[in-house]
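Coordinates in review
Given next are the chains, with one letter for each unit.
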Amino acid sequence: MSAPRAASAVRRAAAGTACLIVFAGAGTGSALADDNGMADKSAQAVADASRKAMSEVTSMRMVAEVTEKAGITALDIRFDEAGNCVGSVTPPGGSGKADVIKRGNDVWMKLDDELLRAQVPGGAAEDAIALINGRYLHGTTDNIMLRDFAQFCDLDYFKREFSSKPVNEQLKKGSTTTVDGRPAITVTGKRGGDTGTYEVSTQDEPYLLRIQGAKASGERVEATFSAFDEPVRPRPPAPSDTVDLSTLQ
């Protein structure tokens, strides 16, 4: 439960996308009703309960943005502990996005033309656009260019990052609020020059619903979480809508 770790996690999620771009150039769950008592607990107890809840999720949706000097990295993904995921990534710079589908060891990613033009220099971008022709790039996690990207769908990694306990954290409980209509209790944290605001569900499981943080360097992160333990059902594109990465080597 750390704003710096949240930023690191989102950056890691986008790292594989950037790698693949270089190569190419070459919800809401069921209704909740039960008060879980978090609003009456101490800040530390709320944080500890939320960390435990987040460590046990089998799937979730994460919508996040990291703002830093290079620009904004944004992602919207749903993923599960079996390694399935669907979603999109927007690398820094605000030009274009990549749509992502992963089922087991198979990965499909579609880079839009705007993103290709932003990442691939000169006429090579138009060549890449013509070659891909709006299709998904397809490969497996055995592909060296997709190995890092597969971490994007590593729910266990994100659970470790968001359920970890920073050393010497200073927590303070704040007011009640809502996140996408779900009631929550606010906890603020500070460590050195880094600050964070965490909103934890006060109904049913004490999931972390939103995190907002800022580092002393000026980097900011915001992420919301939902669709806990809901099935993730990736639907691979038709073969005619894909191009095998091995043909681009």
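For the structure itself, look to the data block above.
These remarks concern the structure in this document. Computed from a prediction, not measured in an experiment: that's the story for all the values here.

1. Looking at the pattern of salt bridges
- One pass over the structure, following the stated rule, counts eight salt bridges.
- Where R78 meets E230, a salt bridge forms, and the shortest distance between an N and an O atom there is 3.4 Å. Of this pair, R78 sits in strand β2 (residues 71-80) while E230 sits in the loop between β11 (220-226) and β12 (242-244); the two residues are 152 residues apart in sequence, bridging distant segments of the chain.
- Take R78: its relative accessible area is 25%, and that puts it in the partly exposed class.

2. With respect to the side chain of S88
- Its location among the elements puts S88 in strand β3 (residues 85-90).
- With sequence-adjacent residues up to four places away left out, S88 is seen in contact with A74, L75, D76, I77, K97, A98 and D99.

3. Section: the state of the cysteines
- If you walk through the whole model with that rule in mind, you get one disulfide.
- At a sulfur-sulfur separation of 1.8 Å, the disulfide partner of C85 is C153. Taken as a pair, C85 in strand β3 and C153 in the loop between α5 (144-147) and α6 (155-163) lie far apart in primary sequence, 68 residues in all. With respect to class, C85 is no different from C153; both count as buried.

4. Digging into the nonpolar core
- Counting 45 residues, the largest nonpolar core has M60, M62, F79, F225 and F228 as the members making the most contacts within it.
- When residues no more than four places from it in sequence are discounted, the contact partners of F225 are M54, M60, R61, M62, F162, L208, L209, R210 and I211.

5. Digging into the sheet that holds strand β1 (residues 59-68)
- Pairing in this open sheet of twelve strands is mixed, and the strands run β7-β8-β9-β10-β11-β1-β2-β3-β4-β5-β6-β12 from one edge to the other. Two strands bound the open sheet, and with one partner strand each, they are β7 (170-179) and β12. Here the strands of the sheet are splayed against their neighbours by 15° on average, with no regard to which way each runs.
- In this structure, strand β9 (residues 194-201) lies alongside strand β10 (residues 208-214), joined through six bridges in antiparallel fashion. Of the residues in β10, the one forming a bridge with T195 is A214.

6. Structural notes on the packing of aromatic side chains
- Enumeration over the complete set of coordinates arrives at three aromatic pairs.
- Between the aromatic rings of Y207 and F228, the centroid separation amounts to 4.0 Å while the plane-to-plane angle is 20°, which identifies the pairing as stacked. In this pair, Y207 sits in the loop between β9 and β10 while F228 sits in the loop between β11 and β12, placing the two residues 21 residues apart along the sequence. The pair Y207 / F228 is uniform in exposure class, with both members buried.
- Through a chain of ring-to-ring contacts, the aromatic side chains of F79, Y157 and F158 assemble into a single cluster.

7. Quick look at the environment of D113
- In this structure, D113 sits in helix α3 (residues 113-119).
- For D113, a relative accessible area of 34% translates into the label partly exposed.
- Measuring from C-alpha to C-alpha, the distance between D113 and A98 comes to 9.8 Å, with 15 residues separating the pair along the chain.

So, how was this worked out
Residues numbered from 1 in each chain as written. Predicted model: local features only at pLDDT ≥ 70, side-chain atom pairs only at ≥ 80, totals over all residues. Heavy atoms only, no water. Salt bridge = Lys/Arg side-chain N within 4 Å of Asp/Glu carboxyl O. Helix = DSSP H or I, 4+ residues; strand = E, 2+ residues; numbered from the N terminus. Buried < 20%, exposed > 50% of the residue type's maximum accessible area, 1.4 Å probe, protein only. Contact = heavy atoms within 4.5 Å. Disulfide = S-S within 2.5 Å. Core = buried A, V, L, I, M, F, W, Y, C linked by side-chain atoms within 4.5 Å. Pairing = 2+ DSSP bridges. Axes fitted to C-alpha atoms, helices over the stretch in contact; angles between N-to-C directions. Phe/Tyr/Trp six-rings, centres within 6.5 Å; stacked < 30°, edge-to-face > 60°.

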